[in-house]
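# Fold and geometry: a report
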Amino acid sequence: MQIRALTEALDLRQLEDLCALLIDAVEGGASLGFLKPMELERARAYWQNVSQSVQAGDKALLVAEIEGAILGTVQVVLDMPQNQPHRGEISKMIVHTKVRQLGLGMRLLGAAEDRAQLAGKSLLVLDTQTGSAAEHLYRKAGYSPLPPLPDYALTPDGVLAATTIFWKRV
């Protein structure tokens, strides 16, 4: 397994892998800002937008590859308001269902934290659906939760769900 940053425009293979990863996650019930059904064109447009943000320096995009296929990803939002230059945001951490429970999420999160520190960030925040499996990972990685916000976002099935915001000094 290799974790690396993608800094250039996505090539066709990378785009296909990232689309498959996002579709797998949303169709599997992950609350990532999308509703079911997750269409390929919507996924493709999303990743192309992310690629543009990465090239502009607004985000970092890290991927985990196994045997040349992208099976995990995480983003670090670096472009923050002027009064928050010290803060970054962990976003869209996704691990493909076929490789979960192998420690990939923890490795991606650690790489994201390293990337944030290199960019001068000392505080990271993230949010996840309250009660999700990701909550355990973030707690284990040393993130502190705030009280859940009720009815914060819709699940991929369109049901209102609470969200927990986590923070960590890095």
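The rules behind each value
Residues numbered from 1 in each chain as written. Predicted model: local features only at pLDDT ≥ 70, side-chain atom pairs only at ≥ 80, totals over all residues. Heavy atoms only, no water. Phe/Tyr/Trp six-rings, centres within 6.5 Å; stacked < 30°, edge-to-face > 60°. Helix = DSSP H or I, 4+ residues; strand = E, 2+ residues; numbered from the N terminus. Buried < 20%, exposed > 50% of the residue type's maximum accessible area, 1.4 Å probe, protein only. Patch = residues over 30% accessible without salt bridge, like charges linked within 9 Å, V, L, I, M, F, W, Y side chains within 5 Å. Areas by Shrake-Rupley, 256 points an atom, 1.4 Å probe, with all protein chains shown as cover. Salt bridge = Lys/Arg side-chain N within 4 Å of Asp/Glu carboxyl O. Expected span 1.5 Å × (residues − 1). Contact = heavy atoms within 4.5 Å. Core = buried A, V, L, I, M, F, W, Y, C linked by side-chain atoms within 4.5 Å. 1 Å grid on protein atoms, 1.4 Å probe; cavity = no way out; pocket = protein on both sides within 12 Å on 5 of 7 lines; lining within 4 Å. Points joined across faces, edges and corners; volume = space filled by probe spheres on them. Nonpolar A, V, L, I, M, F, W, Y, C, P; charged D, E, K, R; others polar.

## Regarding the packing of aromatic side chains
- Following the criterion strictly, the structure yields four aromatic pairs and no others.
- The interplanar angle of 85° and the centroid separation of 5.3 Å between the aromatic rings of Phe34 and Tyr46 together place this pair among those described as edge-to-face. One end of the pair, Phe34, is in the loop between α1 (12–27) and α2 (40–55); the other, Tyr46, is in helix α2, and twelve residues separate them in sequence. Taken as a pair, Phe34 and Tyr46 share a single burial class, namely buried.
- Measuring from centroid to centroid gives 5.0 Å for Tyr46 and Trp47, while their planes differ by 70°, and the two rings are edge-to-face.
- On the basis of relative accessibility, which here comes to 15%, the residue Tyr46 falls in the buried class.
- Since its relative accessible area comes to 0%, Trp47 is described here as buried.
- The rings of Phe34, Tyr46 and Trp47 are connected pair by pair, giving a single aromatic cluster.

## Side note on a nonpolar patch on the surface
- Taken together, the side chains of Leu35, Leu154 and Leu160 define a hydrophobic patch exposed on the protein surface, amounting to about 250 Å² of accessible area.
- Relative to the helices and strands, Leu154 is located in strand β7 (residues 149–154).
- Given the relative accessible area of 40%, Leu154 is considered partly exposed.

## Side note on α2
- The terminal C-alpha atoms of α2, which comprises 16 residues, lie 23 Å apart, in line with the 22 Å expected from a rise of 1.5 Å per residue.
- Where α2 is buried, its residues contact β1 (2–6), α1, β2 (59–66), β3 (69–77) and β4 (87–95).
- Following α2 by one or two positions, Gly57 has its phi on the positive side, about 85°.

## Re the nonpolar core
- Core analysis: the biggest nonpolar cluster contains 24 residues, and Ile90, Tyr138 and Tyr143 have the highest contact counts within it.
- Contributing elements (two or more residues each) for this core: β2, β3, β4, α3 (104–118), β5 (123–129) and α4 (133–140).
- Among the elements that make up this core, the one with the highest residue count is α3 (six residues).
- For Tyr143, the residues in contact, after removing those within four places along its chain, are Ile90, Leu109, Glu113, Leu124, Leu126, Tyr138, Phe166, Trp167 and Lys168.
- Listed in part, the 21 residues of the second largest apolar core include Trp47, Val50, Val54 and Val63.

## Observations regarding the layout of surface pockets
- The calculated volume of the largest pocket comes to roughly 1100 Å³.
- Along its surface, the largest pocket is lined by 40 residues, and Met93, Thr128, Ala133, Ala134 and Tyr138 are the ones closest to its centre.
- When residues of the lining of the largest pocket are traced back to their parent elements, those giving at least two are α1, β4, α3, β5, α4 and β7.
- Here the lining of the largest pocket takes seven residues from β4, the largest share from any one element.
- Residue composition of the lining of the largest pocket, by class: 20 nonpolar, 14 polar and six charged.

## Thoughts on the pattern of salt bridges
- Per the stated rule, a full pass over the model turns up eight salt bridges.
- A salt bridge links Arg42 to Glu39; its shortest N-O distance comes to 2.5 Å.
- Using a relative accessible area of 30% as the deciding quantity, one classes Arg42 as partly exposed.
- Among the residues examined, Glu39 registers a relative accessible area of 36% and is labelled partly exposed.
- One salt bridge in this structure joins Glu113 and Lys168, with 3.2 Å as the shortest N-O distance. Residue Glu113 is found in helix α3, and its partner Lys168 is found in strand β8 (residues 160–169); the two are separated by 55 residues along the sequence.
- Assessed through its relative accessible area of 17%, Lys168 is described here as buried.

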